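# Observations on chain architecture
So you can see what is in the structure, the chains are spelled out below.
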Amino acid sequence: MLVLGLETSCDETGVALYDSERGLLADALFSQIEQHRVFGGVVPELASRDHVKRMLPLIREVLAEAGAERTQIGAIAYTAGPGLVGALLVGASCAQALAFAWGIPAVGVHHMEGHLLAPMLEEQPPAFPFVALLVSGGHTQLVRVDGIGRYQLLGESLDDAAGEAFDKTAKLMGLPYPGGPEIARLAEVGTPGRFTFPRPMTDRPGLDFSFSGLKTFTLNTWTQCRDAGDASEQTRADVALAFQQAVVDTLTIKCRRALKQTGLNSLVIAGGVSANQALRQSLEKMLGEFKGQVFYARPRFCTDNGAMIAYAGCQRLLAGQQDGPAIGVQARWPMEQLPAI
Ligand code: KG4
Ligand code: ZN
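Model, not experiment: these values are computed from the prediction.

### A word on the site of ligand 1
Contacts to ligand 1 come from 19 residues, most closely from H115, G137, D167, G180 and N276. Between ligand 1 and G180 there is a distance of 3.0 Å, counted from an oxygen atom to a backbone nitrogen or oxygen. When ligand 1 sits alone it has 550 Å² of accessible area, and the protein chains cover 87% of it. Contributions of two or more residues to the shell around ligand 1 are made by helix 4 (111–117), helix 5 (162–172) and helix 6 (179–187). Both domains that furnish three or more residues to the shell around ligand 1 are identified here as domain 1 (2–117 + 301–337) and domain 2 (127–296).

The structure is reproduced here in structure tokens:
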């Protein structure tokens, strides 16, 4: 079955064609980052309007890239939530309209399930069961995964998501949006050991996270340096490195706990922050203790993309799931509510 996947939950229009027999045939992405950067973050109304403009040209693009005709498309998968409602509605309306016109089924996909399954698109996919660390701009969750739709939430962030902490901290330090890649780039030239920041919530049991205090700690350190007349690029890099190390260590400590608690030795990391090289290295080192393996998607499929939605939708369609013609999206949507397949 050839599935067209549409992703519009935030500021990226992602479109892909996934074939259940042949794998991923084509994917295309338009990132709105440049348009939102001047505002220091995503402006929902601008995001929705831009998805409208990009969607059909991107669908034509993937069809051409795959050398496929639209009549070969057997179903459409679209992101139904969680995300920005206006942005989600563009993808959902487009998917339902095309599905109706072409007489094929449509299925709404959970954005975080898409992220979670993105490493399945790689050459060496993980096998169930595994622990998943979902780290995106909106979510930080540790999940035990026993199969598609068989999710047990082990822990989550009580305030800012990891990506959100990167973005907000970067903004406070005068760096452009999105902050994750900016901080990662600066951290590469930071001086190890100049600053050490706290590892929040690691001194007590449990698998929940809190990154909001770390953001404030980082701001205070940066402000103190600046007030003391040291706002050099090197100091900014040193602060960025200390922040990144604190986030990476905290995530690593909690992943170690989750693996011990579940008795598993397979870890999947997914979502935008899983593109972070320091995080990947730290987790790979930690998995050595368990003689286990870390799985992640190629960087392009860590952040939002259509391929993960086409893949997740395809699995659910193959299991007989599909939606009616109603256009329904959800801003909030706990992943544990998804049916198992
Ligand atoms: O998964 P994603 O594309 O969108 C959401 O579903 O939220 O994640 C975007 C987040 C942003 O907060 C961005 O700053 C962060 O992922 N991010 C990174 C890196 N690349 C993207 N954070 C840290 N290091 C990176 N290399
Ligand atoms: Zn995402």
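Next comes the rest of the account.
### Observations regarding the coordination of the zinc ion (ligand 2)
Distances from the zinc ion (ligand 2) to its protein donors, H111 (NE2), H115 (NE2) and D304 (OD), fall within 2.0 to 2.1 Å. A relative accessible area of 6% places H111 in the buried class. What makes D304 buried here is its relative accessible area of 12%.

### Points about the sheet that holds strand 7 (residues 140–147)
With mixed pairing, 5 strands are arranged side by side in an open sheet as 8-7-6-9-10. Both outer strands of the open sheet, strand 8 (150–156) and strand 10 (293–295), are each paired with one neighbouring strand and no more. In this sheet, neighbouring strand axes are inclined to one another by 25 degrees on average, regardless of whether the strands run parallel or antiparallel. In terms of strand pairing, strand 6 (residues 130–135) meets strand 7 through 6 bridges, oriented antiparallel. Among the inter-strand pairings, L134 is bridged to a residue of strand 7, identified as Q141. Seen against the sheet, helix 8 (residues 233–262) touches strand 6, strand 7, strand 8 and strand 9 (266–270) and runs at an angle of roughly 155 degrees to strand 6.

### Regarding the packing of helix 2 (residues 44–66) against helix 3 (residues 85–102)
Contact pair helix 2 / helix 3: the axes reach a minimum separation of 8 Å and the direction vectors enclose 35 degrees. Classified by chirality, the crossing of helix 3 by helix 2 is right-handed. Here S48, H51, V52, M55, L56 and I59 of helix 2 come into contact with helix 3, specifically with G86, A87, V90, G91, C94 and L98. Class assignment of the residues belonging to the contact of helix 2 with helix 3 gives a composition of 8 nonpolar, 4 polar and no charged.

### A few points about the packing of helix 8 against helix 9 (residues 277–289)
Where helix 8 contacts helix 9, the two axes come as close as 10 Å, and the packing angle between them is 30 degrees. Taken together, the axes of helix 8 and helix 9 are roughly parallel relative to one another. Viewed along their axes, helix 8 and helix 9 form a crossing whose handedness is right-handed. Along the contact surface, helix 8 presents Q244, V248, L251, T252, C255, R256 and L259, while helix 9 presents A278, L279, S282, L283, M286, L287 and E289.

### What to know about the UniProt feature "binding site: Fe cation" (unreviewed entry) in the protein
According to UniProt, the "binding site: Fe cation" (unreviewed entry) feature falls on H111, H115 and D304. Separation in sequence by 194 residues is not matched in space for these annotated residues, since their most distant C-alpha atoms are only 8.7 Å apart. For H111, the location among the structural elements is in helix 4. Those residues in contact with H111 that lie beyond four places of it in its chain are E7, S9, T79, G81, P82, D304, M308 and I309. Within the local environment of H111, its side chain forms a polar contact with the side chain of E7, the two groups lying 3.0 Å apart. In this fold, D304 is placed in the loop between strand 10 and helix 10 (306–318). A polar contact of 3.0 Å, which involves the side chain of D304, links it to the side chain of H111.

### A few points about the sheet that holds strand 4 (residues 75–81)
Taking strand neighbours across the sheet as the criterion, the 5 strands line up as 3-2-1-4-5 in an open arrangement whose pairing is mixed. The outermost strands of the open sheet, each flanked by one partner alone, are strand 3 (23–31) and strand 5 (106–110). For this sheet, the mean angle separating the axes of adjacent strands, direction not counted, is 20 degrees. The pairing of strand 1 (residues 2–7) with strand 2 (residues 12–19) spans 6 bridges and is antiparallel. Bridging across to strand 2, V3 finds its partner in Y18.

### Points about the domain arrangement of the protein
Here the domain parsing of the protein yields domain 1 (2–117 + 301–337) and domain 2 (127–296). On the domain 2 side, the residues contacting the 19 residues of domain 1 number 23 residues. Approximately 1,800 Å² of surface area, both sides summed, lies buried where domain 1 meets domain 2, with 72% of it carried by carbon and sulfur atoms. For the domain 1 face of the interface with domain 2, the top three residues by lost area are M112, L116 and C302, together amounting to 34%. Counting every contact that joins domain 1 to domain 2 gives 0 salt bridges. Taken together, the links from domain 1 to domain 2 amount to 4 residue pairs in polar contact (both at pLDDT 80 or more).

Analysis parameters
Residues numbered from 1 in each chain as written. Chains lettered and ligands numbered in written order. Predicted model: local features only at pLDDT ≥ 70, side-chain atom pairs only at ≥ 80, totals over all residues. Heavy atoms only, no water. Near = heavy atom within 4 Å. Polar contact = N/O pair within 3.5 Å; in protein donor to acceptor, adjacent residues only side chain to side chain. Areas by Shrake-Rupley, 256 points an atom, 1.4 Å probe, with all protein chains shown as cover. Helix = DSSP H or I, 4+ residues; strand = E, 2+ residues; numbered from the N terminus. Domains from an automatic or database assignment. Donors = N, O, S within 2.8 Å, 3.2 Å for Na, K, Ca; no water. Buried < 20%, exposed > 50% of the residue type's maximum accessible area, 1.4 Å probe, protein only. Pairing = 2+ DSSP bridges. Axes fitted to C-alpha atoms, helices over the stretch in contact; angles between N-to-C directions. Contact = heavy atoms within 4.5 Å. Left-handed = near helix turned anticlockwise from the far one by under 90°. Nonpolar A, V, L, I, M, F, W, Y, C, P; charged D, E, K, R; others polar. Parallel < 35°, antiparallel > 145°, perpendicular 65-115°, else oblique. UniProt positions renumbered as here; feature names shortened; annotations may be inferred. Buried area = accessible area lost by both parts, 1.4 Å probe. Salt bridge = Lys/Arg side-chain N within 4 Å of Asp/Glu carboxyl O.

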